[in-house]
Amino acid sequence: MAKKRKVPLRKCVVTQEMLPKQSLIRVVKTKEGDVFVDPSGKKNGRGAYVSKDLQVIDQAERNGALAKQLEIKIPQEIYDELRTQIEGE
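Report follows, based on the coordinates. All figures in this text were calculated on a predicted structure; none of them were measured in a lab. (Residues numbered from 1 in each chain as written. Predicted model: local features only at pLDDT ≥ 70, side-chain atom pairs only at ≥ 80, totals over all residues. Heavy atoms only, no water.)

Next up on the list: the overall build of the chain. Helices and strands together make up the secondary structure of the chain, namely 3 helices and 5 strands. In the chain, the order of α-helices and β-strands from amino to carboxyl end is β-β-β-β-β-α-α-α. For the chain, the C-alpha radius of gyration of 13 Å lies close to 12 Å, the compact-globule estimate for 89 residues. Counting only C-alpha atoms and orienting by the principal axes, one finds that the chain spans roughly 50 × 30 × 25 Å. (Helix = DSSP H or I, 4+ residues; strand = E, 2+ residues; numbered from the N terminus. Rg over C-alpha atoms; globule rule 2.2 N^0.38 Å.)

Here it is in C-alpha cells:
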C-alpha cells in the first residue's frame, strides 16, 4: 500500500484560507527590495501567497493585502503578471 504524501498548505493573504501550495501563486520581496512573481515557489526572499483566482487578485489590489504583507508598495506590473499567469492556465 502506497503512503499518502503530506500536501504542503499555505495561507492566502487575501482570503485567509489554508490551501494547497499548488493552488496559490507566490509573490516575493528580496532583501534589496525587489518584488516579483515566483511561479516555482522556491526563490529566496519573503513570500506572500495569493489564490489563483482573478477576483482574489482584484481584491488584493483594492485592499492592499500584498503591500501590507510584504511591507512595500506593489507595482501595477505585479498584479498584471499575476492575472496573465492565471489566464494562461
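Glancing now at the pattern of salt bridges. Tallied over the full model, the rule gives 4 salt bridges. Notably, a salt bridge pairs R83 with E61, separated by 2.4 Å at the nearest N-O pair. A residue pair is termed long-range when its members are at least 10 positions apart, and R83 in helix 3 (residues 76–88) and E61 in helix 1 (residues 54–63) qualify at 22 residues. On the basis of relative accessibility, which here comes to 28%, the residue E61 falls in the partly exposed class. One continuous salt-bridge network, built from bridges that share partners, spans D58, E61, D80 and R83. (Salt bridge = Lys/Arg side-chain N within 4 Å of Asp/Glu carboxyl O. Buried < 20%, exposed > 50% of the residue type's maximum accessible area, 1.4 Å probe, protein only.)

We now examine the nonpolar core. Among the nonpolar cores identified, the biggest contains 23 residues, and L66 and L82 are the most heavily contacted of them. Going through the elements one at a time, strand 3 (24–29), strand 4 (35–38), strand 5 (46–51), helix 1, helix 2 (65–70) and helix 3 are the ones with two or more residues in this core. With 4 residues, helix 3 is the single largest residue contributor to this core. Here L82 is in contact with I25, V27, V37, I57 and L66, once residues within four sequence places are set aside. (Core = buried A, V, L, I, M, F, W, Y, C linked by side-chain atoms within 4.5 Å. Contact = heavy atoms within 4.5 Å.)

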